[in-house]
Amino acid sequence: MAEISLHRPYPAGEVRAWDFETEVAVIGFGAAGACAAIEAADAGARVMLFERNSGSGGASGLSGGEIYIGGGGGTDAQRAAGFEDTTEDFTAYLKAAGGPCVDEAKCELYGREALGHYAWLKAQGVPYRGNYLPGKHIEPADDSTLIWSGSEAAAPFCTMAKPAPRGHVIQHMGWGGGRPLVDVLEASARAKGVEVMTDSRALALVQDGERIVGVIVRIDNQPRFVRAAKGVVLATGGFVFNETMRRKYCPDSFRLNDPIGDKDDGAGIELGLGAGGDAVHMEQFFTTCPWTMPESHAYGVFVNTAGQRFINEDCYHGRVSRCAVDQPGGKVYLLLDNAHFVQPMDFARLSIAGTGDSWDEVEAELEMPAGTLSATMAVYNREARLGRDPLFGKREPILVPLDQGPFIALELNFATSYFSFFTLGGLRTSIDGEVLDRGGAPIPGLYAAGRCTSGLPAWGHGYSSGLSLADCTFFGRQAGRRAARG
Ligand SMILES: Cc1cc2nc3c(=O)[nH]c(=O)nc-3n(C[C@H](O)[C@H](O)[C@H](O)COP(=O)(O)OP(=O)(O)OC[C@H]3O[C@@H](n4cnc5c(N)ncnc54)[C@H](O)[C@@H]3O)c2cc1C
């Protein structure tokens, strides 16, 4: 008997008997897997969905349920709030957010079809209240729909595309809209006849010649052989909890200590690589420290341990945090004056590193060389009074002088403060979810979607909230539809 391994497909010729027969086998019941299953079933395929946990959810179920949507003139929520959002602007922002890792074809397709995807989500039963919540929010504290969730209005992004808020959140009171989002998708999948097998962990793919024809799943501690006549869709999430993979592919993430997600052990990426797939942008990760809570802290100024600014602080909190983690010295400081300082949230684990009646005194308390931080703040305040930030392009209304003492430096320490993070790299796929080999050719019968792939949220420095679930739900559908064609 051949070895059952994540790293090598099992030869179909050695399968003695198939325990289950289906047309499309989906692995993983988060947002990507649910959407793949729904779409494959809608396309007329028999679908089985295998989930290693005892229920649906994964990281999707823990998330805020916020989905990045725009273009086509704007969604109902955008238009009601007075924001026109053209497909060109929306697509240009998606590409800018992908930075050096951008998948242009995926941005263009989603740019054109996001509005239709929003209608599809509603048709599955996802409720949206339809209103706009101004201000800077990580997630709405109420049940609002539309928030600013990226760096759209900040330099350099605001010069590349006309800004609009695009974070669309399921109607749900408070944080944590991911669970109700997955519940709606699960109900839709079950209503369409998707056969769901929980406590069922995929152990290996099965290959016949070039083609993936099935999967081996552990059920009741026994390997079960599943024949998938049309294809297997991997939707198993990222690899943030797999230390071996992170050490190999994403060593910079070891500066941080708060991985988030649901086990995310990279199994789908390993399965895809074992079948000859390619993995890209594996070094990329999202991170954020909730430094904009309370909201008045959004007016602060960041400096590194040399007392130098490194970012326009009006960007998305995750972009600021990701740029912070690039700084040497293991920590950065958030500078605030008396007009903007409020006791930080306990869960952010920020400490007060220095105080003073002048920025010189704060500089001395931080043991920085004289004339470093104080010079930074002198220039910043002088220019802010003139309504400009010539170094980084920070813009009003966030651009204000910090000149009302006493002054304070909060320490964001990469090792001890709450920097949550998850991985963004994964299998290279076509816009139809086909897993591609290193030469760019599809591996017959093998599809993937969500965070086991690299997609719209490809670049940690450009991440915007909602991009991951946009990618999971939309390209999950693409993969399911393509798999159903066989
Ligand atoms: C707290 C938090 C908040 C977030 N908020 C947002 C947000 O508001 N908007 C946004 O866009 N993104 C958000 N994210 C990121 C986003 O939730 C994830 O990137 C996304 O949900 C990943 O979806 P997925 O379907 O690829 O994987 P998952 O949702 O993790 O689903 C993968 C599933 O596969 C199963 N699985 C894994 N291996 C196997 C195996 N071998 N066999 C069978 N099953 C397997 C897992 O158990 C899991 O259920 C957030 C993340 C977290 C943790």
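The structure we're discussing is the one just above.
A brief structural summary. As a convention, each chain's residues are numbered from 1 in the sequence order in which they are written. In keeping with the predicted nature of the model, local features appear solely for residues at pLDDT of at least 70, side-chain atom pairs appear and are counted solely at 80 or more, and the whole-chain, interface and lining totals rest on all residues. Calculation of side-chain values draws on the structure's entire complement of heavy atoms; hydrogens and water are dropped beforehand.

**A look at the site of the ligand**
At step 1: Residues are labelled near a given molecule or strand when at least one of their non-hydrogen atoms is within 4 Å of it. In the neighbourhood of the ligand, 37 residues make up the surrounding shell, with Glu-51, Ser-60, Arg-451, Ser-468 and Leu-469 lying closest.
At step 2: Between an oxygen atom of the ligand and a main-chain N or O atom of Ala-31, the distance comes to 3.4 Å.
At step 3: Nitrogen and oxygen atoms within 3.5 Å of one another constitute a polar contact, given that in protein one can donate a hydrogen and the other can accept it, and given that sequence-neighbouring residues count only through two side-chain atoms. Contact between the ligand and Ala-59: an oxygen atom at 2.9 Å from a main-chain N or O atom of the residue.
At step 4: A 1.4 Å probe and the Shrake-Rupley method give the accessible areas. Residues count as covered only by the protein chains that appear here. Relative to its free-state accessible area of 1000 Å², the ligand is covered by the protein chains to the extent of 94%.
At step 5: The way it works is that DSSP assigns letters per residue, a run of H or I at least four long becomes a helix, a run of E at least two long becomes a strand, and they are numbered from the N terminus. Among the elements of the structure, helix H1 (31–42), helix H2 (58–62), strand E9 (200–208) and helix H12 (467–485) are those that each provide at least two residues to the shell around the ligand.
At step 6: Just so you know the grouping, Ala, Val, Leu, Ile, Met, Phe, Trp, Tyr, Cys and Pro go in nonpolar, Asp, Glu, Lys and Arg go in charged, and all remaining residues, Gly too, go in polar. Taken together, the residues that form the shell around the ligand break down as 16 nonpolar, 16 polar and five charged.

**As for unusual backbone geometry**
At step 1: Here the residue pair Ala-155 and Pro-156 is connected by a cis peptide bond, since its omega of 0° sits within 30 degrees of zero.
At step 2: Within the secondary structure, Pro-156 sits in the loop between strand E6 (146–148) and strand E7 (167–169).
At step 3: The peptide bond linking Gly-405 to Pro-406 adopts the cis configuration, its omega dihedral lying at 0°.
At step 4: As for its placement among the helices and strands, Pro-406 is situated in the loop between helix H11 (373–385) and strand E18 (407–413).

**Quick notes on the nonpolar core**
Across soluble globular proteins, nonpolar side chains show a tendency to be buried alongside one another.
At step 1: Of all hydrophobic cores here, the largest spans 116 residues; its most connected members are Tyr-110 and Leu-234.
At step 2: Per the annotation, domain bounds derive from an automatic or database assignment of domains. For this core, the two domains that each supply at least three residues are domain 1 (1–289 + 420–486) and domain 2 (290–413).
At step 3: Contacts are assigned to residue pairs that have any heavy atoms within 4.5 Å of one another. The contacts of Leu-234, once residues within four sequence positions are left out, are Ile-27, Leu-205, Gly-268, Leu-271, Gly-272, Leu-427, Leu-446, Tyr-447, Ala-448, Ala-449 and Cys-452.
At step 4: By size, the runner-up hydrophobic cluster in this structure holds 17 residues, among which are Val-303, Leu-335, Met-368 and Met-377. Put simply, buried Ala, Val, Leu, Ile, Met, Phe, Trp, Tyr and Cys residues joined by side-chain atoms within 4.5 Å make one nonpolar core. Exposure classes here rest on a 1.4 Å probe applied to the protein chains alone. A residue is buried below 20% of its type maximum, exposed above 50%, and partly exposed in between.

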